[in-house]
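So the chains spell out like this:
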Amino acid sequence: MWRLASALTSQATEYCPFLVHPAADLHGVWTAICREFEGRGDVDALSLPYVREDSPLGRCLSKAAGSRRLYSLPVRFLRRAEFADWESYFTHLPHNVQVHQRRDWRRLDLLGEAAFEDVSDPAERQAVWTWMVAKKREWLVRRGLRSPSISSDSFARFVARSLDVFAQGGRRRIFALKLDGAVIAAELVNVDRARVELFVLTFDEAFARCAPGNLLREKVVAWAFERGLDYDWRLGDESYKQIWANHVAQATSYVLPLTPRGKYFVRYAVARQRVAERTPEPLRVRVASILRGDRALA
């Protein structure tokens, strides 16, 4: 019923991008974008998911006439500049976390030779990504969960293609924790000039007693510290993020009408969100699975 424009992103949950020169007039750029769409006449509304409230786009949308917030998710991140070095950050963590990390390193050392690696060989990067997808899917099945991105073969291919794409501003990286040369945990991140941004972390549950995911997290955050980079755990407020991060922001999804028809879409989107918020989680999952045609879950 409506014609919508949205950001070009992959199937994973990503921040809504607004790429502008640091010296640009943000309001002027945003106004020009809206006028362009309005002049086309073939777009009823903008749908902008996961906009960081502390970003340039977030500041524009918070003041844009007619824009409506749909929902927000917390974003946990670490600001590197607030700590002198890795040691000062690590000792800032809760005491029990420090104790558990040291204990789990000892447990792992008893099993063999542990090594942290930034996987640089192209063929090995592809192999580790394939391993990550398989392990993550096994984990989801065991817990009766579903991830639209991890469960999607097209997303897996998209990431595989992007692993060997490099730019001056950044690239994807895969970090691995190995035991006697075999991968037991791996993490897919984006790395740019300012931050490391987490996308996927998984581990071999055969080594769960050693908490390899936590050990790898420690190594990757330390890697970011050495290079003066922030670390962004992105969307969600899982308990481990609250422990390792030292700041929280909000990522909000917005809709913005561009035509009279678009105003009706905004009303519809807001009403749909209110219904979703009042619907129990198990029923939401079931309805979504039916709409997707997922017979196994339905």
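Residues numbered from 1 in each chain as written. Predicted model: local features only at pLDDT ≥ 70, side-chain atom pairs only at ≥ 80, totals over all residues. Heavy atoms only, no water.

**Considerations on the packing of aromatic side chains**
Two numbers describe a pair of aromatic rings. These are the distance of the centres and the angle of the planes. Tallied over the full model, the rule gives 14 aromatic pairs. The interplanar angle of 70° and the centroid separation of 6.2 Å between the aromatic rings of Tyr-50 and Tyr-71 together place this pair among those described as edge-to-face. With Tyr-50 in strand β2 (residues 45-52) and Tyr-71 in strand β3 (residues 68-78), this pair connects stretches of sequence that are 21 residues apart. The class of Tyr-50 is buried, set by a relative accessible area of 16%. Residue class for Tyr-71 comes out partly exposed when judged on its relative accessible area of 30%. Taken together, the ring pairs connect Phe-83, Trp-86, Tyr-89, Phe-90 and Phe-225 into an aromatic cluster. When the ring centre of Tyr-15 is taken as reference, the NZ or CZ atom of Arg-52 above it lies at 5.3 Å. The lysine or arginine in question, Lys-219, covers the ring of Trp-105, its NZ or CZ lying 5.4 Å from the ring centre. (Phe/Tyr/Trp six-rings, centres within 6.5 Å; stacked < 30°, edge-to-face > 60°. Helix = DSSP H or I, 4+ residues; strand = E, 2+ residues; numbered from the N terminus. Buried < 20%, exposed > 50% of the residue type's maximum accessible area, 1.4 Å probe, protein only. Lys NZ or Arg CZ within 6 Å of the ring centre and 35° of its normal.)

**Points about the sheet that holds strand β9 (residues 247-257)**
In space, the nine strands of this open sheet follow the order β1-β2-β9-β3-β8-β7-β6-β5-β4, with mixed pairing throughout. In this open sheet, the two edge strands, each paired with only one partner strand, are β1 (4-6) and β4 (114-118). In this sheet, neighbouring strand axes are inclined to one another by 25° on average, regardless of whether the strands run parallel or antiparallel. When strand β6 (residues 182-192) meets strand β7 (residues 195-203), the two strands line up antiparallel, connected through seven bridges. In the sheet register, Ala-186 faces β7, and the bridge partner there is Thr-202. Sitting on the sheet, helix α1 (residues 26-40) is in contact with β1, β2 and β9, with an inclination near 150° to β2. (Pairing = 2+ DSSP bridges. Axes fitted to C-alpha atoms, helices over the stretch in contact; angles between N-to-C directions. Contact = heavy atoms within 4.5 Å.)

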